[in-house]
Amino acid sequence: MTPPPVAARRPADVLGIVAVILSAVLLLPTLFVYLVGLIPEMNAIWWLGIILLPLLFVDGVIVIVLAVIGLIVAVRRGGRRVWSMVALGLGILMLVPALLVLVPWSS
């Protein structure tokens, strides 16, 4: 008897996984600074936002580029795309605070 054919595994979305890890490296400290800054006694921690905001913007651009490349590679290979889509969402989320500061919202 011949064994049943083995189903071909789709390749993993390595670029998406790397992009999610890269976004977590900066999103977690930013969230920590924001949550600690809400405590009245720890109001002096907001100066860290001055350091984290440009890093968040640069890291967000890098994450978006990696996620888009990961999506293109996954579509061409017929592989999984979930990690790249999550990374793209996180990258956009990382750009929002910097864009709110840089773009004037006057009416």
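Throughout what follows, the structure given in this document is the object of discussion. (Residues numbered from 1 in each chain as written. Predicted model: local features only at pLDDT ≥ 70, side-chain atom pairs only at ≥ 80, totals over all residues. Heavy atoms only, no water.)

## Describing helix α2 (residues 47-77)
So, point 1. Compared with an ideal rise of 1.5 Å per residue, which puts 31 residues at 45 Å, α2 spans 45 Å between its outermost C-alpha atoms and is within 8% of the ideal.
So, point 2. When α2 is considered as a whole, its buried residues turn out to be Leu52, Leu56, Asp59, Gly60, Val63, Ile64, Leu66, Ala67, Gly70, Leu71 and Ala74.
So, point 3. As for α2, its buried residues are in contact with α1 (14-37) and α3 (82-102). (Helix = DSSP H or I, 4+ residues; strand = E, 2+ residues; numbered from the N terminus. Expected span 1.5 Å × (residues − 1). Buried < 20%, exposed > 50% of the residue type's maximum accessible area, 1.4 Å probe, protein only. Contact = heavy atoms within 4.5 Å.)

## Quick look at the packing of α1 against α2
So, point 1. Orientation of α1 relative to α2, taken along the N-to-C sense of each, is 165 degrees, at an axis distance of 9 Å. Between α1 and α2, the crossing angle belongs to the class labelled roughly antiparallel. Considering how the two elements wind past one another, α1 and α2 form a crossing that is left-handed. When α1 is examined against α2, the residues Leu15, Val18, Ala19, Leu22, Ser23, Leu26, Leu27, Pro29, Thr30 and Val33 are found in contact with a partner set consisting of Leu48, Gly49, Leu52, Leu55, Leu56, Asp59, Ile62, Val63, Leu66, Ala67, Ile69 and Gly70. (Axes fitted to C-alpha atoms, helices over the stretch in contact; angles between N-to-C directions. Parallel < 35°, antiparallel > 145°, perpendicular 65-115°, else oblique. Left-handed = near helix turned anticlockwise from the far one by under 90°.)

## Digging into the nonpolar core
So, point 1. Core analysis: the largest hydrophobic core is formed by 14 residues, its most contacted members being Ala19, Leu26, Leu56, Val63, Ala87 and Met94.
So, point 2. Elements with a contribution of two residues or more to this core: α1, α2 and α3.
So, point 3. A per-element tally of this core places α1 first, with six residues.
So, point 4. The residues contacting Ala87, other than those within four sequence positions of it, are Gly16, Ala19, Val20, Val63 and Ala67. (Core = buried A, V, L, I, M, F, W, Y, C linked by side-chain atoms within 4.5 Å.)

## Here's the deal with α1
So, point 1. Compared with an ideal rise of 1.5 Å per residue, which puts 24 residues at 34 Å, α1 spans 35 Å between its outermost C-alpha atoms and is within 8% of the ideal.
So, point 2. Helix geometry: α1 is bent most strongly at Ala24, by close to 30 degrees.
So, point 3. The complete set of buried residues in α1 reads Gly16, Ala19, Val20, Ser23, Leu26, Leu27, Val33, Val36 and Gly37.
So, point 4. Those residues of α1 that are buried are in contact with α2 and α3. (Bend = angle between axes of the 7 residues up to and from the residue.)

All quantities given are derived from atomic positions and should not be read as evidence of function.
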